[in-house]
Structure formats: structure tokens, C-alpha cells
Amino acid sequence: MPRPLVAGNWKMNGQKAAMDELAALEGALSSRAANCDVLICPPFTLLGAARTATKRFSIGAQDCHFAESGAHTGDVSAAMLKDVGCDYVIVGHSERRADHGETDTHVKAKAEAALSQGLTAIVCVGETEAQRDAGETLSIIHSQVAGSLPKNANAETVVIAYEPVWAIGTGRTPSVEDVEQVHTAIRSQLEQMGPELGLVRLLYGGSVKPANARELMGAANVDGALVGGASLKASDFDGIIDAYRS
Ligand code: PGA
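Residues numbered from 1 in each chain as written. Predicted model: local features only at pLDDT ≥ 70, side-chain atom pairs only at ≥ 80, totals over all residues. Heavy atoms only, no water.

Right, let's talk about the sheet that holds strand β5 (residues 120-125) for a bit. The eight strands are arranged β1-β2-β3-β4-β5-β6-β7-β8 in a closed barrel whose pairing can be described as parallel. Across the sheet, the axes of successive neighbouring strands diverge by a mean angle of 25°, strand direction being ignored. Bridge count for β5 against strand β6 (residues 158-162) is five bridges, and the pairing is parallel. Directly across from C124, in β6, lies its bridge partner A161. (Pairing = 2+ DSSP bridges. Helix = DSSP H or I, 4+ residues; strand = E, 2+ residues; numbered from the N terminus. Axes fitted to C-alpha atoms, helices over the stretch in contact; angles between N-to-C directions.)

Structural data, given as C-alpha cells:
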């Protein structure tokens with residue numbers, strides 16, 4: 001079994017005062033160890049401060065450009081993320097795919113940029129509600145995984161997050177059976193692609209809360225969570241991490 005990962009995605013939330021939440025989380029993890037890795041992905045502006053604030057968990061960004069440097073106003077490269085102390089970067093989140101027109105081709109290029117800098121890429125996939133209603137979930141996920149994974153992906157360099165678009169920020173989640181069906185399909189797709197992909201961590205994301213974390217994290221082939229809203233407060237996030245405390 002891969003070691004689980006619980007990752008918080010702060011999205012476009014958090015200013016300097018949010019470092020208090022990181023300090024609280026650091027305290028919670030030192031007093032009650034958990035059987036998982038923990039990652040926080042704050043906005044770009046807080047990456048340096050977050051890195052300085054903690055030794056107990058990893059720091060990641062929410063996006064990167066695929067180029068190493070150059071004339072790309074407003075963008076941030078994987079090399080810059082590495083330089084500021086990041087360990088991970090999320091690529092292909094559905095909000096990036098929807099708001100910025102990112103396709104699998106872009107996501108793959110960004111993931112390859114991340115790997116080239118020694119960062120672990122968290123590659124996000126997920127179906128819309130219309131796709132689920134049309135019975136297309138498994139085929140959509142299959143093509144996103146096939147199209148978005150970087151060259152040289154393996155269990156160290158890549159994490160996959162399955163996030164149904166309709167479950168993000170809505171308070172709605174798929175049933176445990178539905179999550180298991182998708183995760184098991186991704187697992188067998190990865191095994192067919194190569195033995196080095198068999199133990200890639202598969203996170204579930206979309207309205208994970210303390211109240212549902214244990215059930216969702218207990219599903220077959222679920223190796224952790226990607227958490228949005230409930231990662232902003234240390235007490236909520238720590239309540240999700242509880243799924244990996246006995
Ligand atoms: P949510 O977001 O937990 O607020 O639903 C999850 C995500 O988008 O990563």
C-alpha cells in the first residue's frame with residue numbers, strides 16, 4: 001500500500017495572517033502523529049512564508065508554467081517553485097482547466113516541467129456532472145489520465161487526484177462505491193501502463209470534510225485526499241487527517 005497523502009489546496013485564499021493556521025497545524029501534528037504525509041498548497045504569495053513556518057509537512061504550489069523561464073507575464077515556473085522550497089505542485093485542477101482553458105496537453109507539459117525540477121506533480125482529473133449523467137465517467141477519466149501523465153511518471157514523481165467537478169465546493173460527494181469504481185479503474189489503467197505506475201498514490205477530492213473523511217479514505221484504492229475549503233482552518237484539516245490516526 002502506498003503511504004497516504006492528505007493535501008490541502010487553499011486556492012485563492014489566505015494572507016499573511018493565515019500563517020497562524022499553519023502554526024496550529026504544526027502543533028496538532030507534533031502532538032498527535034498521523035500515519036500519512038501532509039501537504040499544504042497555499043497561493044504563490046505565501047509559499048516562502050509557509051516553507052519557513054513548518055518542518056512537519058510539505059509545501060506545494062497550485063500551478064506552474066511549462067517553460068523554465070522567459071516572457072510569460074504573471075506566470076511562475078517549476079524552477080521558481082523548487083527555489084522557494086516547494087516539494088509538490090498541483091497541475092490540471094478543474095478550475096484551471098475551466099478558467100484558463102488548460103487541456104490534457106498543457107497539463108502534461110506542466111507535469112513534465114515539475115518533474116524536471118524534482119517536484120512531485122499532483123495531476124487532477126474529474127468528470128463534470130453532465131458527463132457523469134451521460135455515463136461517460138470512466139471513459140473521460142481514462143482519457144484524462146492517458147493524456148495528462150508526464151513521461152517518467154512513477155510512484156515517487158506523480159500523484160493522481162480524482163476530483164469529480166460537481167463535487168468540488170458543493171458539499172456533494174459520490175458514494176463510496178462510485179469512488180471505488182473510478183479509483184479501481186485508474187489503478188488498473190496505471191498497472192497496464194507499466195509496473196512503475198502501480199503504486200502511484202490516488203487521492204480523492206471534492207467536499208472532503210472531517211465528517212466524511214474516514215469513510216472516503218477507507219474506500220478501496222483511495223490513498224488520501226485533496227481538500228479545498230476544509231483545509232483553510234487547521235482544526236478542520238486536522239479532523240480530516242484523523243482518518244489516518246488510530
Ligand atoms: P473542496 O475542493 O474540498 O472545497 O470541494 C477540493 C479541490 O478543489 O481540490
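Take the site of the ligand next. In the region of the ligand, 13 residues are neighbours, and K11, H93, E163, G169 and S207 sit closest. A distance of 2.6 Å separates an oxygen atom of the ligand from a polar atom in the backbone of G169. At 2.7 Å from an oxygen atom of the ligand is found a main-chain nitrogen or oxygen belonging to S207. Relative to its unbound accessible area of 280 Å², the ligand is 97% covered by the protein chains. (Near = heavy atom within 4 Å. Polar contact = N/O pair within 3.5 Å; in protein donor to acceptor, adjacent residues only side chain to side chain. Areas by Shrake-Rupley, 256 points an atom, 1.4 Å probe, with all protein chains shown as cover.)

With respect to the element layout, L199 can be found in the loop between α8 (176-193) and β7 (201-205). Residues L199 and I241, spaced 42 residues apart in sequence, show a C-alpha to C-alpha distance of 21 Å. Residues in contact with L199, not counting those within four places in the same chain, are P2, A155 and R187. (Contact = heavy atoms within 4.5 Å.)

We now examine helix α9 (residues 210-217). If you check which residues of α9 are buried, you get N212, A213, L216 and M217. The buried residues of α9 all sit within an arc of 125° when viewed along its axis, so they share a single face. What points out from α9, more than 90 degrees from its buried face, is the exposed set A211 and E215. Along its buried surface, α9 packs onto α8, β7, β8 (224-227) and α10 (234-241). (Buried < 20%, exposed > 50% of the residue type's maximum accessible area, 1.4 Å probe, protein only. Arc of directions from axis to C-beta.)

Moving on to the layout of surface pockets. The computed volume of the largest pocket comes to approximately 420 Å³. Counting residues per element, the lining of the largest pocket draws most heavily on helix α4 (residues 94-99), at three residues. In terms of residue class, the lining of the largest pocket is made up of six nonpolar, six polar and six charged. (1 Å grid on protein atoms, 1.4 Å probe; cavity = no way out; pocket = protein on both sides within 12 Å on 5 of 7 lines; lining within 4 Å. Points joined across faces, edges and corners; volume = space filled by probe spheres on them. Nonpolar A, V, L, I, M, F, W, Y, C, P; charged D, E, K, R; others polar.)

Let us look at the side chain of H183. By secondary structure assignment, the location of H183 is in helix α8. Of the residues examined, H183 reaches a relative accessible area of 0% and is grouped as buried. The contacts of H183, once residues within four sequence positions are left out, are Y162, L202, L203, Y204, A220, N221 and V222.

In terms of burial, β7 is a largely internal element, five of the five residues being buried. Judged by which residues are buried, β7 turns out to be covered on both faces: R201, L203 and G205 on one side and L202 and Y204 on the other are all buried. At this point the chain moves from β6, through α8, to the parallel β7, and the crossover so formed is right-handed. Alignment of β7 against β8, held across two bridges, turns out to be parallel. Counterpart to G205 in the pairing with β8 is L226. Handedness of the β-α-β unit built from β7, α9 and β8 comes out right-handed. (Right-handed = clockwise from strand over helix to strand, strands pointing away.)

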